[in-house]
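Descriptive structure summary
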Amino acid sequence: MTLPTAVPADTSPISAWESGDDLDPVWRSIVVESRARANDIHLPISFAFAERLCDAYPEADSLVVRVAILLHDTGWARVDESRILSEGFSGDWRQADVRYEHERHGCMIAREVLPPLGYDPAFIARVTDIIDGHDTRPDSRSLEDSLVRDADRLWRFTPAGIALASGWFRLTPAEYCRRLRSEIIPELLTEAAVQMADAELSRSESLLKTGQLS
Ligand SMILES: [Fe+2]
Ligand SMILES: [Fe+2]
């Protein structure tokens, strides 16, 4: 059962989304970390979905959600690049050691970059509570945690997400789209995210001609 909302979800193409610029100093502080594992594509697209989800769930603390999604995967930059693909995407990839390592490093990066930008320890703790375990902990602990988890998945439904992730998992785009529908949509925690995923995936499948290229 997904979390319902009375606010209509914005399911228009995410490429049309325009974010505010209040977190530009945080973006500028993670340029190096953005170069790992396509974070410079994943983080901005998931950030855009996170902002839409916050609009659909106005009771959430949107600053916590936005900063947590912005930083959540920066820890990949401190994990050995070759192990990301060898351990992070095969076998029991959700429980691979590199997954725990990127979460721990992500928390450390949050504790490095946020204090000089004026964020206080209580706020930073709320952010790191979400980053820690975002891939490896099975349960969400708060509304903010749920919105980050859903935004983390939603980028995959875009053509850019399908292009990158299908290669990581060694699947064709059509095979990957089928996996998104059968495995990832059921993992989503909020009703708004399900609506966004469904709309974005239908557009991507049509654009990429996955019906014909199967
Ligand atoms: Fe992650
Ligand atoms: Fe992620």
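Quick look at the structure, then. (Residues numbered from 1 in each chain as written. Chains lettered and ligands numbered in written order. Predicted model: local features only at pLDDT ≥ 70, side-chain atom pairs only at ≥ 80, totals over all residues.)

So, about the nonpolar core. The biggest cluster of nonpolar side chains holds 45 residues, and the ones touching the most others in it are Phe49, Ala50, Leu53, Val65, Ala68, Leu71 and Leu147. Within the residue set of this core, elements represented by two or more residues are helix H3 (39-56), helix H4 (62-71), helix H6 (97-113), helix H7 (121-131), helix H8 (143-154), helix H9 (159-168), helix H10 (173-184) and helix H11 (191-207). Element by element, the count of residues in this core is highest for H3, at nine residues. In this structure Leu53 touches Leu147, Asp150, Ala151, Thr190, Ala192 and Ala193, once residues within four positions along its chain are discounted. (Core = buried A, V, L, I, M, F, W, Y, C linked by C-beta atoms within 7 Å. Buried ≥ 20, exposed ≤ 12 C-beta atoms within 10 Å, placed from the backbone. Helix = DSSP H or I, 4+ residues; strand = E, 2+ residues; numbered from the N terminus. Contact = placed C-beta atoms within 7 Å.)

Turning next to the packing of H9 against H10. The description of two helices packed together rests on the angle between their axes and the distance between the axes. In contact at an axis separation of 9 Å, H9 and H10 are set at 100° when each is read in the N-to-C sense. Our classification of the angle between H9 and H10 gives roughly perpendicular. Residues Ile162, Ala165 and Ser166 of H9 touch H10, and the partners they reach there are Pro173, Tyr176 and Cys177. By residue class, the composition of the contact of H9 with H10 is five nonpolar, one polar and no charged. (Axes fitted to C-alpha atoms, helices over the stretch in contact; angles between N-to-C directions. Parallel < 35°, antiparallel > 145°, perpendicular 65-115°, else oblique. Nonpolar A, V, L, I, M, F, W, Y, C, P; charged D, E, K, R; others polar.)

Positionally, Trp155 belongs in the loop between H8 and H9. Remark: the alpha-carbon pair of Trp155 and Phe49, spanning 106 residues in sequence, is separated by 7.4 Å. Trp155 has contacts with His42, Ile45, Ser46, Phe49 and Gly161, leaving out every residue within four places of it along the chain.

So, about the environment of Glu81. In this fold, Glu81 is placed in helix H5 (residues 81-88). The exposed category is assigned to Glu81, around which 11 C-beta atoms lie within 10 Å. Linking Glu81 and Ala36, residues 45 residues apart in sequence, is a C-alpha distance of 7.8 Å.

Okay, H3 next. With 18 residues, H3 should cover 26 Å at 1.5 Å per step; its first-to-last C-alpha distance of 25 Å lies within 8% of that length. Of all the 18 residues making up H3, 14 are buried; the element is thus mostly covered by neighbouring parts of the structure. (Expected span 1.5 Å × (residues − 1).)

What follows covers H4. Counting buried positions along H4 gives eight out of 10 residues, so the element sits mostly inside the fold. Val64, Val65, Arg66, Val67, Ala68, Ile69, Leu70 and Leu71 are the residues of H4 that are buried. In this structure, the buried residues of H4 make contact with helix H1 (24-28), H3, H6, H7 and H8.

Here we come to unusual backbone geometry. One non-glycine residue, Ala38, lies in positive phi territory at about 55°. Within the element layout of this structure, Ala38 appears in the loop between helix H2 (31-34) and H3. A tally of 19 C-beta atoms within 10 Å means that Ala38 is categorised as partly exposed. Phi angles above zero are rare outside glycine, and Lys209 is one such case at about 50°. Mapping Lys209 onto the fold places it in the segment after H11.

Take the environment of Leu3 next. Following the sequence through the fold, Leu3 ends up in the segment before H1. For the pair Leu3 and Tyr57, spaced 54 residues apart in the sequence, the C-alpha separation amounts to 9.6 Å. With residues up to four places along the chain from it excluded, the contact list for Leu3 reads Ser146, Leu189, Thr190 and Glu191.

Turning our eyes to something else, we now look at the packing of H4 against H7. Packing of H4 against H7 brings their axes to within 9 Å, and their N-to-C directions diverge by 50°. It follows from the interaxial angle that H4 and H7 lie oblique. H7 is crossed by H4, and the crossing has right-handed handedness. Every residue of H7 that contacts H4 at Val64, Val67, Ala68 and Leu71 is listed here: Arg126, Val127, Ile130 and Ile131. By residue class, the composition of the contact of H4 with H7 is seven nonpolar, no polar and one charged. (Left-handed = near helix turned anticlockwise from the far one by under 90°.)

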